[in-house]
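# Breakdown of the fold
Listed below are the residues making up each chain.
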Amino acid sequence: MAKIQTPRPVRGTQDMLGGTPDNMADRFSHVVSTFDRVRKLYGFRRAEVPVFEATAVFARSLGESTDVVSKEMYSFEDRGGDSLTLRPEFTAGLARAYITEGWQQYAPVRLATHGPLFRYERPQKGRYRQFHQIDAEIIGAAEPLADVELLCFADHLLRELGVNEGVTLTLNTLGDAQSRDAWRDALVAHFEGHRDQLSEDSLDRLGRNPLRILDSKDAGDQAVVANAPGIDAYLSDEAAAFFEKVTDGLKAAGVAWQRNDRLVRGLDYYRHTAFEFITDRLGAQGTVLGGGRYDGLIENMGGLATPAVGWAAGIERLAMLLDETGVQPIDVVIALEDDALLSTALSGLRALREQGLSAELVASGSPRKRYDKAAKIPAGALVSLSVRDGAPHLGVRGEGVIPAQAESVLKPLL
RNA sequence: GCGAUCGUAGCUCAGUUGGUUAGAGCGCUGGUUUGUGGUACCAGAGGUCGGGGGUUCGAACCCCCUCGAUCGCCCCA
């Protein structure tokens, strides 16, 4: 008989299991539950949007020239011939829902969501084809206070997760449309003047997305970038005033940040505030949380002109930064050393669990080895059930209060 | 799409300048202690050495191709 070939997992997908040394599944869930707790403190309501959308939702909003659209989308035709795409980010879908589901009536609305996203990329550290983000948006708020609130939320979340050490908020403004365009023109002029010093990649970017040259990792590019004009000289008075209100708000709220006047964001729709929380602990993937203001997006998608600001953070990246692996020991482990007491053990499990004590049973393999096997499971109390001199016998070991609790629950069952 | 590194047991890894029947620890299964016991001892199962081709008397080891993983470039959370 031919050996059956087990299908391999798809490249860039992951399987996670709790209770393992790296304990990714539990770390992952800790990030999500912390996010859900903190978002309530800021009045963000839960939103759910589909995992796939009409391709146009992403193609139109992200910008046709971005790599995400041109080569990273998981797009397919459904049976009706419609082009659909697995979402590569949250913002576009939320913006679509805001328009099509009448969420405008709640404006300004604070939204929080999380779930899987998909991009066709080469996987590497902290980067996957199916990855997961938590996401927060404020739609319908033009004032800088919204940016401040959103950044406070992000900062608070990172502190709650205990990953704020070694993660810094870098902040920039891209200005309003006029400021951004003027700066962009100045940058193009600057880079055109140094064409001969630019890498091949950057020459390509020059035509496609010149702002991206600013964070090129190429050494030659960086020399040119160092002399490139910053945004500040091109900011309109209004844009400068907006940015000042954001930074004043952060100061008042006690959120630390660093200016990076070279910081740009990859997607076309950003205006004004742009920010990234970065770390050097994740290899080449330094950004752990990123976002900004995208005032033009909703109008771009056919809605009314609607200001909005938001951020997203990679759950895997946050999970990798967590110090504690958070393996939760179980309260009680029962070693069943004589199968005659199986029914006692089962009713004991039920009684323990109804008292709110987590419990598990070791009842397989050689009865003589079950005690040793149970002893290897981290637990608050180790209970043995055996028959001695023809009578059921209960043995309880462990530190703290759990052994006594377990004994008082189990003793009456013998 | 490009580059570098790496693929040996379920897991973590040894394996000498190419040389008999490829090893260890953990895990798993069974046994030993007639015991109030977490750590011991014995045994067993488990391997197409990622796959294919080549060089050689002989390949886990050298060469080529291929698949996969990791990390990096691009891009991005």
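Check the entry above for the structure.
These remarks concern the structure in this document.

Reading the values: rules and limits
- Residues numbered from 1 in each chain as written.
- Chains lettered and ligands numbered in written order.
- Predicted model: local features only at pLDDT ≥ 70, side-chain atom pairs only at ≥ 80, totals over all residues.
- Heavy atoms only, no water.
- Salt bridge = Lys/Arg side-chain N within 4 Å of Asp/Glu carboxyl O.
- Buried < 20%, exposed > 50% of the residue type's maximum accessible area, 1.4 Å probe, protein only.
- Pairing = 2+ DSSP bridges.
- Helix = DSSP H or I, 4+ residues; strand = E, 2+ residues; numbered from the N terminus.
- Axes fitted to C-alpha atoms, helices over the stretch in contact; angles between N-to-C directions.
- Contact = heavy atoms within 4.5 Å.

### So, the pattern of salt bridges
Applying the stated criterion across every chain yields a total of 19 salt bridges. Salt-bridge contacts for Glu192 lead to Arg195; the nearest nitrogen and oxygen are separated by 2.8 Å. Of the charged contacts, one joins Arg262 and Asp261 as a salt bridge, the two residues approaching to 2.9 Å between their closest N and O atoms. Judged by relative accessible area, Asp261 falls into the partly exposed class, the value being 26%.

### Focus: the sheet that holds strand E2 (residues 52-54)
The three strands are arranged E2-E4-E3 in an open sheet whose pairing can be described as antiparallel. Every other strand in the sheet has two partners, leaving E2 and strand E3 (74-77) as the edge strands with one partner each. Going across the sheet, the axis of each strand differs from the next one's by a mean of 30 degrees, ignoring polarity. Of the strand pairs in this sheet, E2 and strand E4 (residues 83-86) are connected by three bridges, and their pairing is antiparallel. Its bridge partner being in E4, Phe52 is matched across the sheet by Leu86. Against the sheet, helix H2 (residues 55-62) touches E2, E3 and E4, its axis set at about 75 degrees to E2.

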